[in-house]
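# Residue-level structure breakdown
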Amino acid sequence: MKRWALIIALVLSCCSLASAFTFKKSDAENENLKGMVKTVKTYKIEKQLYFHEDTIRKYKRLGRPLPEYEKKLDMVEEYNREGMRTLCDRIAWMKEEISFDPANNKTNAFISEKRYDSDGKPGRVYEQILDDDGLPKEGKAVDGDGNLIFTETYEKTVNPDGTINIYSQHISANSDPTHINITLNPDYKFKRLKQTTPIYQQDIIFDEEERPISVYEKRRGVESNLMLEYTSDGHKVYKLDSDGKKILFLVMKNDPNGNLISSIQYNPQGEAEQSETYVYTYDNHGNWTRREIRKSDSPDTKITEREITYY
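Everything numeric in this text was worked out from a predicted model, so none of it was measured.

## Some words on the overall build of the protein chain
Each helix and strand in the protein chain was counted, giving two helices and 20 strands. At a minimum sequence separation of 6, the contacts of the protein chain that also span at least 24 residues come to 31%.

## Thoughts on the packing of aromatic side chains
Geometry of an aromatic ring pair is reported as the spacing of the ring centres plus the angle between the planes. Tallied over the entire structure, the rule returns four aromatic pairs. The structure contains a cluster of three or more aromatic residues connected by ring pairs, namely Tyr280, Tyr282 and Trp288. One Lys or Arg, lysine 95, reaches over the ring of tyrosine 116 and ends 5.2 Å from the middle of that ring. The ring of tyrosine 238 carries the charged tip of lysine 246 above its face, separated from the ring centre by 4.5 Å.

## Things to note about the nonpolar core
Core analysis: the largest hydrophobic core is formed by 28 residues, its most contacted members being Ile166, Ile182, Leu184 and Leu193. Formed by six residues, the second largest nonpolar core is a distinct cluster that contains Leu33, Val37, Tyr79 and Ile308.

## Observations regarding the pairing of strand 19 (residues 288–295)
Here strand 18 (residues 272–282) runs beside strand 19; their pairing, made up of seven bridges, is antiparallel. When the bridges of strand 19 are listed, glutamate 276 appears paired with lysine 295. Taking the residues that link successive antiparallel strands as the turn, the strand 18-strand 19 hairpin has five residues, and the phi of glycine 286 there is positive, at about 90°.

## Looking at the side chain of serine 168
Relative to the helices and strands, serine 168 is located in strand 9 (residues 164–172). With a relative accessible area of 2%, serine 168 lands in the buried category. A distance of 3.0 Å separates a polar side-chain atom of serine 168 from the backbone oxygen of threonine 153. Residues in contact with serine 168, not counting those within four places in the same chain, are Thr153, Tyr154, Thr178, His179 and Ile180.

## Thoughts on the environment of glycine 35
Tracing the backbone through its elements, the reader meets glycine 35 in the loop between helix 1 (27–30) and strand 1 (37–47). Judged by relative accessible area, glycine 35 falls into the exposed class, the value being 52%. Distance in space between the C-alpha atoms of glycine 35 and asparagine 287 is 8.7 Å, their sequence separation being 252 residues. Residue contacts for glycine 35: discarding those within four places in its chain leaves His285 and Tyr310.

## With respect to unusual backbone geometry
Not every positive phi belongs to a glycine, and asparagine 32 is a case in point at roughly 60°. Within the secondary structure layout, asparagine 32 lies in the loop between helix 1 and strand 1. The class of asparagine 32 is partly exposed, set by a relative accessible area of 25%. For tyrosine 188, which is not glycine, the phi torsion reads 75° and is therefore positive. Within the secondary structure layout, tyrosine 188 lies in the loop between strand 10 (178–184) and strand 11 (190–196).

## Some words on the confidence of the model for the protein chain
Per-residue pLDDT for the protein chain averages 86, and the proportion of residues at 70 or more is 89%. Note on residues 1–21: pLDDT is under 50 here. Beyond four places in sequence and across chains, it has 87 contacts.

## Thoughts on the side chain of glutamate 305
One can find glutamate 305 in strand 20 (residues 301–310). Look at glutamate 305 and you get buried, because its relative accessible area is 19%. At 2.6 Å, the side chain of glutamate 305 and the side chain of arginine 290 are in polar contact. With residues up to four places along the chain from it excluded, the contact list for glutamate 305 reads Lys41, Thr42, Tyr43, Ile45, Lys71, Thr289 and Arg290.

Scoring rules and cut-offs
Residues numbered from 1 in each chain as written. Predicted model: local features only at pLDDT ≥ 70, side-chain atom pairs only at ≥ 80, totals over all residues. Heavy atoms only, no water. Helix = DSSP H or I, 4+ residues; strand = E, 2+ residues; numbered from the N terminus. Contact = heavy atoms within 4.5 Å. Phe/Tyr/Trp six-rings, centres within 6.5 Å; stacked < 30°, edge-to-face > 60°. Lys NZ or Arg CZ within 6 Å of the ring centre and 35° of its normal. Core = buried A, V, L, I, M, F, W, Y, C linked by side-chain atoms within 4.5 Å. Buried < 20%, exposed > 50% of the residue type's maximum accessible area, 1.4 Å probe, protein only. Pairing = 2+ DSSP bridges. Polar contact = N/O pair within 3.5 Å; in protein donor to acceptor, adjacent residues only side chain to side chain. pLDDT = per-residue confidence, 0-100.

Right under this line is the structure:
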């Protein structure tokens, strides 16, 4: 059984709802990475607005124009041969190291995630114990000084039809618990996810491919209902009004590699309000190595590049 993610982290935004939620796929598969990926280095390509005077003198001496863009390392990720992420170093603010016991995570019974702040100091250690089926039994997180941050408890019930119910409590050291109810299909694919806190409720229903098709949220008394419909090249997101009428909110399309190429947001009157387009450069494995994002309300282009190595 592949590694279970921290369940409390399963909170969706409307723009990412098309991503399949799964405990069956590897991290690399969830990131739409193809082939046996070993490392991914992500760079932000940003316009140079200011230059140090030494840099100006250097380029003037060389007779070359100042560079228009600067390439900055933003994140480093490492994966094992099973496609599970073992390192996520967000250069500017946080680093996570994930280890498995035993190392072959198909049968792992213990997971440890260590988080460090930007100064390299331990900020959090999260540990999770799994049962013989690879389902979580308990979890705990402590800070760098060993002080408790939260605990997790899990209760599993197998129903006569083979579906599995998991009830979990995420109990923070200084706040009320979060109650989580998960229903899995017999193959461990998501069927339903419900979360409840004193100020927040969420109920997500998934289709046979583990894609969300219905999302209900209530935050501080404000309710929202979303419905998702999928096509061969993308999906549509609808808001439901108080009468259950569908109001088109978002249309997203993917390319043959499964990456987003366009997103159009609509206002309640059905008029396109904002749009984004995505342009990719791919390597021979089908993974993008350069992505350009253009927004309708901005003249700037957001550029990201990736360096990917393989086993």
